[in-house]
Amino acid sequence: MAGITLDRILAVQAAYIRCIDTGALEGWPGFFTDDCLYKVTTAENHKQGFEAGIIYADSKGMLTDRILALRQANIYEKQTYRHILGLPTVLSNGGGEAKTETPFLVVRIMHDGQSDVFATGVYLDTLRASDDELKFASRLVVCDSSRIDTLMAIPL
Amino acid sequence: MAGITLDRILAVQAAYIRCIDTGALEGWPGFFTDDCLYKVTTAENHKQGFEAGIIYADSKGMLTDRILALRQANIYEKQTYRHILGLPTVLSNGGGEAKTETPFLVVRIMHDGQSDVFATGVYLDTLRASDDELKFASRLVVCDSSRIDTLMAIPL
Amino acid sequence: MAGITLDRILAVQAAYIRCIDTGALEGWPGFFTDDCLYKVTTAENHKQGFEAGIIYADSKGMLTDRILALRQANIYEKQTYRHILGLPTVLSNGGGEAKTETPFLVVRIMHDGQSDVFATGVYLDTLRASDDELKFASRLVVCDSSRIDTLMAIPL
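For clarity, every value in this text was computed on a predicted model and none was experimentally measured.

Asker: I'd like to hear about helix α1 (residues 6-21) of chain B, residue by residue, with values.
Answerer: All names here are of chain B. Helix length check: α1, at 16 residues, gives a terminal C-alpha distance of 23 Å against a target of 22 Å (1.5 Å per residue), a fit within 8%. Where α1 is concerned, the buried positions are Leu 6, Ile 9, Leu 10, Val 12, Gln 13, Ala 14, Tyr 16, Ile 17, Cys 19, Ile 20 and Asp 21. Gly 23 occupies a position one or two residues after α1 and carries a positive phi of about 80 degrees.

Asker: Could you give an account of the relation of the copies chain C and chain A, naming the residues involved and the relevant values?
Answerer: Taken as rigid bodies, chain C and chain A are interconverted by a rotation of 120 degrees and an axial shift of 0.0 Å, the fit giving an RMSD of 0.0 Å. The superposition operator between the copies reduces to a three-fold rotation axis. Relative to the rotation axis, the C-alpha of Gly86(C) is the closest in chain C, positioned 3.7 Å from it.

Asker: Lay out the interface of chain C and chain B in plain terms, naming residues and giving numbers.
Answerer: With 21 residues of chain C at the contact, the number on the chain B side is 22 residues. Taken together, both faces of the contact between chain C and chain B bury some 1,700 Å²; the carbon and sulfur share is 62%. On the chain C side of the interface with chain B, the three residues burying the most area are Leu87(C), Val117(C) and Arg147(C), jointly 33% of the side's total. Seen at the junction of chain C and chain B, the total is 2 salt bridges. As a salt-bridge pair, Asp144(C) and Arg82(B) come within 2.8 Å of each other at their nearest N and O atoms. The tally of links between chain C and chain B comes to 4 residue pairs in polar contact (both at pLDDT 80 or more). Those elements that provide at least two residues to the side of chain C that touches chain B are α1 (6-21), β3 (79-85), β4 (89-94), β5 (97-110) and β6 (115-130) of chain C. Taken together, the residues that form the side of chain C that touches chain B break down as 12 nonpolar, 6 polar and 3 charged.

Asker: Lay out the nonpolar core with the relevant residues and their values.
Answerer: Across soluble globular proteins, you tend to see nonpolar side chains buried next to one another. Counting 119 residues, the largest nonpolar core has Tyr16(A), Tyr38(A), Tyr16(B), Tyr38(B), Tyr16(C) and Tyr38(C) as the members making the most contacts within it. The contacts of Tyr16(B), once residues within four sequence positions are left out, are Trp28(B), Phe31(B), Phe32(B), Tyr38(B), Tyr123(B), Phe136(B), Arg139(B) and Leu156(B). One finds Ile84(A), Leu105(A), Ile109(A) and Ile109(C) within the second-largest nonpolar core, a separate group that totals 15 residues.

Asker: Explain the pairing of strand β7 (residues 133-143) of chain B residue by residue, including any values.
Answerer: Residue and element names in this part refer to chain B. Within β7, 10 of the 11 residues are buried, leaving the element largely enclosed by the surrounding structure. When strand β1 (residues 32-42) meets β7, the two strands line up parallel, connected through 7 bridges. Across the sheet, Thr 41 pairs through a bridge with Val 142, a residue of β7. Judged from the 10 bridges that link them, strand β6 (residues 115-130) and β7 form a sheet pairing that is antiparallel. Looking across to β7, one finds that Thr 126 is bridged to Ser 138.

Asker: I'd like a description of the side chain of Thr102(A), backed by residues and values.
Answerer: Residue and element names in this part refer to chain A. Its location among the elements puts Thr 102 in strand β5 (residues 97-110). Owing to a relative accessible area of 0%, Thr 102 belongs among the buried residues under this scheme. Discounting residues that sit within four places of it in the chain, Thr 102 has contacts with Gln 13, Leu 85, Gly 86, Pro 88, Gly 121, Val 122 and Tyr 123.

Asker: Mind laying out the environment of Leu6(C), listing which residues take part and the relevant values?
Answerer: Relative to the assigned elements, Leu6(C) resides in helix α1. Taking the C-alpha atoms as reference points, Leu6(C) and Pro88(C), 82 residues apart in sequence, are found 9.1 Å from one another. With sequence-adjacent residues up to four places away left out, Leu6(C) is seen in contact with Asp7(B), Leu10(B) and Val90(C).

Asker: I'd like to hear about the interface of chain C and chain A, residue by residue, with values.
Answerer: Counting residues at the interface gives 22 residues for chain C and 21 residues for chain A. Interface of chain C and chain A: buried area, both sides summed, is about 1,700 Å²; carbon and sulfur atoms make up 62% of it. When the buried area of chain C at its contact with chain A is split by residue, Arg18(C), Arg82(C) and Ile84(C) rank highest and sum to 32% of it. Inspection of the chain C/chain A interface yields 2 salt bridges. For the pair chain C and chain A, the interface holds 4 residue pairs in polar contact (both at pLDDT 80 or more). Sorting the residues of the side of chain C that touches chain A by element identifies α1, β3, β5 and β6 of chain C as the ones contributing at least two each. When residues of the side of chain C that touches chain A are assigned to their parent elements, the largest contribution, 7 residues, is made by α1(C). Split by residue class, the side of chain C that touches chain A holds 11 nonpolar, 7 polar and 4 charged.

About the cut-offs
Residues numbered from 1 in each chain as written. Chains lettered and ligands numbered in written order. Predicted model: local features only at pLDDT ≥ 70, side-chain atom pairs only at ≥ 80, totals over all residues. Heavy atoms only, no water. Helix = DSSP H or I, 4+ residues; strand = E, 2+ residues; numbered from the N terminus. Expected span 1.5 Å × (residues − 1). Buried < 20%, exposed > 50% of the residue type's maximum accessible area, 1.4 Å probe, protein only. Least-squares fit on C-alpha atoms with pLDDT ≥ 70 in both. Contact = heavy atoms within 4.5 Å. Buried area = accessible area lost by both parts, 1.4 Å probe. Salt bridge = Lys/Arg side-chain N within 4 Å of Asp/Glu carboxyl O. Polar contact = N/O pair within 3.5 Å; in protein donor to acceptor, adjacent residues only side chain to side chain. Nonpolar A, V, L, I, M, F, W, Y, C, P; charged D, E, K, R; others polar. Core = buried A, V, L, I, M, F, W, Y, C linked by side-chain atoms within 4.5 Å. Pairing = 2+ DSSP bridges.

Shown next, in the form of structure tokens:
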């Protein structure tokens with residue numbers, strides 16, 4: 001089975017952050033497989049091999065719940081975010097599955113217009129192809145900074 | 001008619017910001033079709049459906065005029081800019097035309113070397129292919145921040 | 001001889017910064033040809049045609065020495081870095097060699113978690129293909145800011 005094309009990998013990476021940055025959060029869980037793993041952790045913890053993340057979900061249902069909770073909290077959006085993705089490295093690719101690493105940068109734009117670097121890090125992904133779809137079987141978000149806002153409103 | 005290849009889309013996006021960041025502004029209008037639409041607006045205004053932008057041009061001639069005016073103003077360049085593009089999403093592609101969305105980040109470098117996030121946002125583009133060329137039939141620059149410097153010296 | 005594919009160009013660019021950002025610096029010289037040229041300079045100096053760079057190496061051996069010295073200095077890492085690459089422009093491509101320009105952004109993450117824009121600029125590269133490998137025959141790192149820390153711990 002041929003590897004997943006780079007075009008498709010770039011497309012799903014771009015579509016994922018577009019979903020978040022346009023605020024269409026209900027579409028976010030749809031980027032994952034049903035039995036997905038989604039974790040947010042820090043570079044420090046990741047380096048030391050700590051399994052527990054700051055945010056942890058091991059099914060698409062948990063991701064859906066997360067968005068529901070977020071919407072009910074009805075947080076007044078004082079800021080918006082902009083994700084910028086760097087170029088991905090494809091670590092392995094075959095059998096309908098690709099492992100990739102993609103650096104990211106998130107800029108936070110405050111209500112008064114002030115913009116600053118909110119977060120940087122790398123996405124460690126396992127992408128799975130099925131039929132016409134390419135989904136995240138696993139996304140580990142490794143944030144460079146140890147100072148992560150655990151009340152973070154948006155997914156990363 | 002086959003869609004425009006991703007390679008070509010990436011190439012024209014990269015060439016556009018290279019033109020600006022190298023200061024070769026006279027080449028900037030050449031990225032657009034003759035009957036182009038170029039607008040700069042804010043996410044806030046775009047969301048509310050406001051048609052008017054902060055900057056508006058509906059022909060290549062207007063873009064050329066803009067650069068001429070800029071050069072005549074002969075602004076002492078106290079700062080430079082660096083555009084970083086994220087990965088584009090191709091929303092539609094066929095019939096020699098592609099609609100794409102590309103996140104961007106602009107860093108401003110002051111004369112004393114201090115660098116900060118100047119602007120972020122997304123390019124909403126209609127690209128049109130003709131012969132060997134791929135041009136912007138329409139570029140809507142949606143800036144995340146509502147605080148845009150209307151005296152902005154450079155194109156976005 | 002056909003040009004180097006964009007996929008390969010993107011891959012080597014991504015792999016290079018991944019090597020640095022994961023701290024696997026011993027692998028860094030391996031991205032270059034034996035008779036490589038590696039220079040770091042400023043946009044100001046580059047514009048004025050100054051040949052001398054802030055950092056200069058004209059062989060892979062010099063790059064290896066640089067990493068050895070860095071490791072022996074045993075600097076306590078108070079900060080980490082994250083490179084984000086923009087989209088490359090391919091200026092020429094043929095005969096097993098490609099010239100490309102790739103904008104970059106480096107974010108510095110301090111020990112207390114504070115993140116800021118450390119450097120921006122553009123990589124002016126000559127990539128050379130041989131067998132299965134694609135290496136940097138020449139990498140000129142042009143930093144936008146004139147304020148470059150000459151004690152810079154990491155390669156750019």
